[in-house]
Structure formats: C-alpha cells, structure tokens
Amino acid sequence: TASVSSVSNTNINVYPNPAGDYFNIYTGNSTGTYTIVNLQGKIITQGNVEGETKVSTTNWAEGVYLVKTQVNGTQITTRVVITRQ
C-alpha cells in the first residue's frame, strides 16, 4: 500500500534581505529548527525557531548565506545577503 503525505501550508519568511546586523526568520505559528551555512558549506550557526526568531549577524563577514529552515517536516532553503553600510 502506498501512503500519501499531506504537505503543510508552511509560511517561512526571512527578512530583511539584504540584511545588516541581524535578520528575522518568521514561521507563523509553527516551530522548527534552522541552520545557516556559508557558500563553502560551513555551518555558521543553528538553533530553534518559533514564530519570529532574530538572528544576529554582527560577527559574520559580508556575503551570501543559506538559511535552511525545517518546519513541520518541510525544509526550505532561503538565500540571505549580509551587507555593511
């Protein structure tokens, strides 16, 4: 027998983008985890996300990072750009 899995209506937003000293990960009413990696694949930070989570980037170099968010069994990867002005 084949099983059918339902896809949840997970709403994940990463903002502002581009970001300066921080960005937010918004998951609505859902909880989950996040992992942030640089383009070389090195894990920069990781943690839990619930509702809205603020991630500090003050010690990060300028550049592009990947935000991998896992919520309700769904993983979404978002590209975020860190710039200093």
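Each residue is numbered by its place in its chain's sequence as written, counting from 1. Reporting of local features is limited, given that this is a predicted model, to residues whose pLDDT is at least 70; pairs of side-chain atoms are given and counted only at 80 or more, and all residues count toward the totals for whole chains, interfaces and linings. To obtain the side-chain values, all non-hydrogen atoms of the structure were used and water was disregarded.

(A) Layout of unusual backbone geometry. Look at the link from Tyr 15 to Pro 16: it is a cis peptide, with omega at -10°. By definition, any uninterrupted DSSP run of H or I lasting at least four residues is a helix, any uninterrupted run of E lasting at least two residues is a strand, and each is numbered from the N terminus. Topologically, Pro 16 is positioned in the loop between strand 1 (13-15) and strand 2 (22-38). A cis amide bond links Asn 17 with the next residue in sequence, Pro 18, at an omega value of 10°. By the element assignment, Pro 18 lies in the loop between strand 1 and strand 2. The residue Asn 72 is not glycine, and still its phi comes out positive at about 50°. Along the chain, the position of Asn 72 falls in the loop between strand 4 (63-71) and strand 5 (74-82). Partly exposed residues are those whose accessible area sits between 20% and 50% of the maximum for their type, while under 20% is buried and over 50% is exposed, using a 1.4 Å probe and protein chains only. Overall, the relative accessible area of 48% leaves Asn 72 in the partly exposed class.

(B) Seen up close, the nonpolar core. Buried Ala, Val, Leu, Ile, Met, Phe, Trp, Tyr and Cys residues that are joined via side-chain atoms within 4.5 Å together make up what is termed a nonpolar core. Within the largest apolar cluster, 15 residues are counted, with the highest numbers of intra-cluster contacts made by Phe 23, Ile 25, Ile 36 and Val 80. Of all the elements in the fold, those that place two or more residues in this core are strand 2, strand 3 (43-56), strand 4 and strand 5. With 4 residues, strand 2 is the largest single contributor of residues to this core.

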